[in-house]
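# Architecture and fold: a report
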Amino acid sequence: MKYKCTMLTFQLHEGEALAQYLELQARKGWYLQCRSFSGTGGFQIWKKGEKADRRFAAVLLDGASEWDAGSDRRLQELCQLCQEFGWNYYGTYGLLQLFWTEQKDAPPLETDDTLRLDIYRETVWKKQVPGYGVLLLILLAGIVMLARRWDAWLFDLTVMAEIGAISLVWTALAAYLLYVFG
């Protein structure tokens, strides 16, 4: 068996591009091995298999959880509905639910671009904006801390070390909060 490891960096709004990429890889005979693929730019393992002409679709399920997709009742209902129309569940990529089919005449899963855009906007507002807001507050706190000691930080190495240590703490806190909320 042949394997390869790649890093996918598709964002939430790039579901169609992700689907096209998966179609291209399937034509080459490469298939992702995990049913939950990190949407945060993690590494994915691909396994070599039979070349196939598959169609893929990426669906943004309203209110879906990136962390607990397997037990979501709405996702199970969506999978059952899609299966009735010839689509098979492939896995998740962040908040995107991935489906595949080999049927040329299978209907598209999403046809209403306005509804898709509304779901995207609501998801970004709920999942990503709070994390960026927290990061902005942390950066502003760091700027205020620097401004309070602006006369000393240019010349005093202990103050520079203190600022460096504090910025490491703020960065770790920001990374954790973005991980939780973002």
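These lines cover the structure that appears in this document, whether it is placed above or below. Nothing here was measured: the structure is a model prediction, and the numbers come from that model. (Residues numbered from 1 in each chain as written. Predicted model: local features only at pLDDT ≥ 70, side-chain atom pairs only at ≥ 80, totals over all residues. Heavy atoms only, no water.)

### Brief notes about the overall build of the protein chain
Convention followed: What counts as a helix is a DSSP run of H or I of at least four residues, what counts as a strand is a run of E of at least two, and both are numbered from the N terminus. Throughout this description, buried means an accessible area under 20% of the type-specific maximum (1.4 Å probe, protein chains only), exposed means over 50%, and partly exposed covers the range between. Reported accessibility uses the Shrake-Rupley method at a 1.4 Å probe radius. Residues are deemed covered only where the shown protein chains occlude them.
Tallying secondary structure elements over the protein chain gives six helices and seven strands in all. Tracing the protein chain from N to C terminus, the helices and strands come up as β-α-β-β-β-β-α-β-β-α-α-α-α. Counting all 182 residues of the protein chain, 32% fall into the buried class. Summed over all atoms, the accessible surface of the protein chain reaches about 11700 Å², with 62% contributed by carbon and sulfur.

### Notes on the sheet that holds strand 4 (residues 43-48)
Our working rule: Only when DSSP finds a minimum of two bridges between them are two strands counted as paired. Fitted lines through C-alpha atoms serve as axes, helices being fitted only where they are in contact, and the angles separating the N-to-C directions of these axes extend from 0 to 180 degrees. Whether two residues are in contact is decided by their heavy atoms: any pair within 4.5 Å suffices.
Across the sheet, three strands lie side by side as 1-4-2; this open sheet has antiparallel pairing. Edge positions in the sheet fall to strand 1 (3-7) and strand 2 (30-32), since each has one partner strand and no second. Here the strands of the sheet are splayed against their neighbours by 35° on average, with no regard to which way each runs. As defined by bridge partners, strand 2 adjoins strand 4 across three bridges and the pair is classed as antiparallel. The partner of Trp-30 across the bridge, within strand 4, is Lys-48. Packed on one face of the sheet, helix 1 (residues 15-28) meets strand 1, strand 2 and strand 4 and runs near 130° to strand 2.

### Some details on helix 1
Convention followed: Working rule for helices: expected span equals 1.5 Å times residues minus one. Think of it as the arc spanned by the lines of direction from the helix axis to the C-beta atoms.
End to end, helix 1 covers 20 Å across 14 residues, agreeing with the expected 20 Å (1.5 Å per residue, within 8%). Considered for burial, the residues of helix 1 that qualify are Gly-15, Leu-18, Ala-19, Leu-22, Glu-23, Gln-25 and Ala-26. Each buried residue of helix 1 lies within a common arc of 165° when the element is viewed along its axis, so the set occupies one face. Along helix 1, the residues that are exposed and aim more than 90 degrees away from the buried face are Glu-16 and Gln-20. Once helix 1 ends, the next one or two residues include Gly-29, with phi positive near 95°.

### Notes on the environment of Val-59
Looking at the element boundaries, Val-59 is found in strand 5 (residues 55-60). Taking relative accessible area as the criterion, Val-59 reaches 9% and is therefore assigned buried. The spacing of Val-59 and Leu-95 is 36 residues in sequence and 8.6 Å in space, taken between C-alpha atoms. When neighbours within four sequence positions are excluded, Val-59 is seen to be in contact with Leu-78, Leu-95, Leu-96, Gln-97, Phe-99, Leu-109 and Glu-110.

### Some remarks on the pairing of strand 6 (residues 88-93)
Where strand 6 lies against strand 7 (residues 96-101), five bridges are found, and the strand directions are antiparallel. The residue bridging Thr-92 from the neighbouring strand is Gln-97, located in strand 7. Connecting strand 6 to the antiparallel partner strand 7 that follows it, the hairpin turn spans two residues, and Gly-94 within it adopts a positive phi of roughly 65°.

### Focus: the packing of aromatic side chains
Put simply, the test is: Each aromatic pair joins two rings of Phe, Tyr and Trp (for Trp, the six-membered one) with centres within 6.5 Å, and gets the label stacked for planes under 30 degrees apart, edge-to-face for over 60, and tilted for any other angle. A positively charged side chain is recorded as over a ring if its NZ (Lys) or CZ (Arg) lies within 6 Å of the ring centre. The angle to the ring normal must also be within 35 degrees.
Per the counting criterion, the structure on display carries five aromatic pairs. With centroids separated by 5.9 Å and ring planes inclined at 80°, the aromatic side chains of Tyr-21 and Trp-46 adopt a geometry described as edge-to-face. With a gap of 25 residues between them, Tyr-21 in helix 1 and Trp-46 in strand 4 connect regions that are remote in the sequence. Accessibility expressed as a relative area gives 23% for Tyr-21, which makes it partly exposed. Measuring from centroid to centroid gives 5.5 Å for Tyr-89 and Phe-99, while their planes differ by 65°, and the two rings are edge-to-face. Note that Tyr-89 is positioned in strand 6 and Phe-99 in strand 7, a separation of ten residues in sequence. Phe-99 gets classed as buried once you look at its relative accessible area, which sits at 0%. The structure contains a cluster of three or more aromatic residues connected by ring pairs, namely Phe-10, Tyr-21, Trp-46 and Tyr-93. Across from the ring centre of Trp-46, 5.6 Å away, lies the NZ or CZ of Lys-4, which sits over that ring.

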